[in-house]
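# Topology and contacts: notes
One letter stands for each residue in the lines below.
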Amino acid sequence: MSSVDTRLIKRVSIADRNLNRTRGMEVGIGAFAFLFSEMLQYAQKRVLGIQDLERKLNDFGYRVGTRLLELTVWREKNSKRETRVLGILYFIHTTVWKALFGKQADSLEKNNDPLISKYISVPKELSQLNCNAFLAGIVEAILDGAQFPSRVTAHSLPQEGFPLRTTILIQLDKEILQREEQLK
């Protein structure tokens, strides 16, 4: 058997790879920026306004979030199902942020320069567009998947020195707040 034949035999498809082995592998920022920009262009061609575009980005993020939750919980050695609001927010703040950005958030309030919108230049006619709706979709999917139904939105709140500052607003359903009261 030649060396070419042995290389072909040893090649394993991406579906057959061990999920824990890919933990340390990261995607380059250039590759991420290119894929995200292509996703934006794809969505922009299929919507009528900025709100529709943000909703579409939120939907894309939701799809990513459901898979990210499954993968993150599977990779965690001592994971447990969170039943409290504070516990799931801490999980998002630490574990999910680390999986997404390589580090946990300093504070959800202080994460002023999100990577998602860092390399996006928006034309003037779309100046109200907040690309972090994608991130809001990821957070919403994680909360929904953990049985905390909610509506998550991203809002631009620029400050001096942080023109891309975004706040992620989480509106939990009333039943979650009632459940939290019962657990006290």
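Residues numbered from 1 in each chain as written. Predicted model: local features only at pLDDT ≥ 70, side-chain atom pairs only at ≥ 80, totals over all residues. Heavy atoms only, no water.

- Under an unreviewed UniProt entry, the name given to the chain is 14673_t:CDS:1, and the organism recorded is Cetraspora pellucida.

### Focus: the packing of helix α3 (residues 50-75) against helix α4 (residues 85-101)
- Where α3 contacts α4, the two axes come as close as 11 Å, and the packing angle between them is 100°. Viewed along their axes, α3 and α4 adopt a mutual orientation that is roughly perpendicular. Between α3 and α4, the contacting residues are Leu68, Leu69, Thr72 and Val73 on the first element and Phe91, Thr95, Val96, Ala99 and Leu100 on the second.
- Residue classes in the contact of α3 with α4 are distributed as seven nonpolar, two polar and no charged. (Axes fitted to C-alpha atoms, helices over the stretch in contact; angles between N-to-C directions. Helix = DSSP H or I, 4+ residues; strand = E, 2+ residues; numbered from the N terminus. Parallel < 35°, antiparallel > 145°, perpendicular 65-115°, else oblique. Contact = heavy atoms within 4.5 Å. Nonpolar A, V, L, I, M, F, W, Y, C, P; charged D, E, K, R; others polar.)

### As for helix α6 (residues 133-145)
- Compared with an ideal rise of 1.5 Å per residue, which puts 13 residues at 18 Å, α6 spans 18 Å between its outermost C-alpha atoms and is within 8% of the ideal.
- Among the 13 residues in α6, 11 count as buried, and that is most of the element.
- Just downstream of α6 lies Gln147, where phi reads positive at about 70°. (Expected span 1.5 Å × (residues − 1). Buried < 20%, exposed > 50% of the residue type's maximum accessible area, 1.4 Å probe, protein only.)

### Notes on α4
- If you check α4, its first and last C-alpha atoms are 22 Å apart, about what 17 residues at 1.5 Å a residue would give, namely 24 Å.
- The largest bend in α4 comes to about 30°, at Ile92.
- Those residues of α4 that sit buried are Val85, Gly87, Ile88, Phe91, Ile92, His93, Thr94, Thr95, Val96 and Trp97.
- Packed against the buried residues of α4 are α3, α6, β2 (166-172) and α7 (174-183).
- Positioned one or two residues after α4, Gly102 has a phi angle of 85°, which is positive. (Bend = angle between axes of the 7 residues up to and from the residue.)

### A word on the pattern of salt bridges
- In this structure the tally under the stated criterion is four salt bridges.
- A salt bridge links Asp52 to Arg55, with the shortest nitrogen-to-oxygen separation between them at 2.9 Å. Here Arg55 and Asp52 lie together in helix α3, a separation of three residues that amounts to about one turn.
- Arg55 sits in the partly exposed class, given a relative accessible area of 46%. (Salt bridge = Lys/Arg side-chain N within 4 Å of Asp/Glu carboxyl O.)

### Thoughts on the packing of aromatic side chains
- All chains considered together, the criterion is met by three aromatic pairs.
- Here Phe32 and Phe36 contribute two aromatic rings whose centre-to-centre distance is 5.8 Å and whose plane-to-plane angle is 20°, an arrangement assigned as stacked. Separated by four residues within a single helix, Phe32 and Phe36 lie in helix α2 (residues 29-44), roughly one turn from each other.
- According to the relative accessible area criterion, Phe32 is partly exposed, its value standing at 27%.
- Here the aromatic residues Phe32, Phe36 and Phe134 are joined through ring pairs into a cluster of three or more.
- Here Arg179 stacks its cationic end above the ring of Phe148, 4.8 Å away from the centre of that ring. (Phe/Tyr/Trp six-rings, centres within 6.5 Å; stacked < 30°, edge-to-face > 60°. Lys NZ or Arg CZ within 6 Å of the ring centre and 35° of its normal.)

### Some details on the layout of surface pockets
- Considering only enclosed or pocket space, the second largest pocket measures out at about 300 Å³ in volume.
- Around the second largest pocket sit 14 residues that line it, and Val73, Lys80, Arg81, Glu82 and Phe91 are the ones nearest its centre.
- Those elements that provide at least two residues to the lining of the second largest pocket are α3 and α4.
- Sorting elements by how many residues they give to the lining of the second largest pocket places α4 first, with three residues. (1 Å grid on protein atoms, 1.4 Å probe; cavity = no way out; pocket = protein on both sides within 12 Å on 5 of 7 lines; lining within 4 Å. Points joined across faces, edges and corners; volume = space filled by probe spheres on them.)

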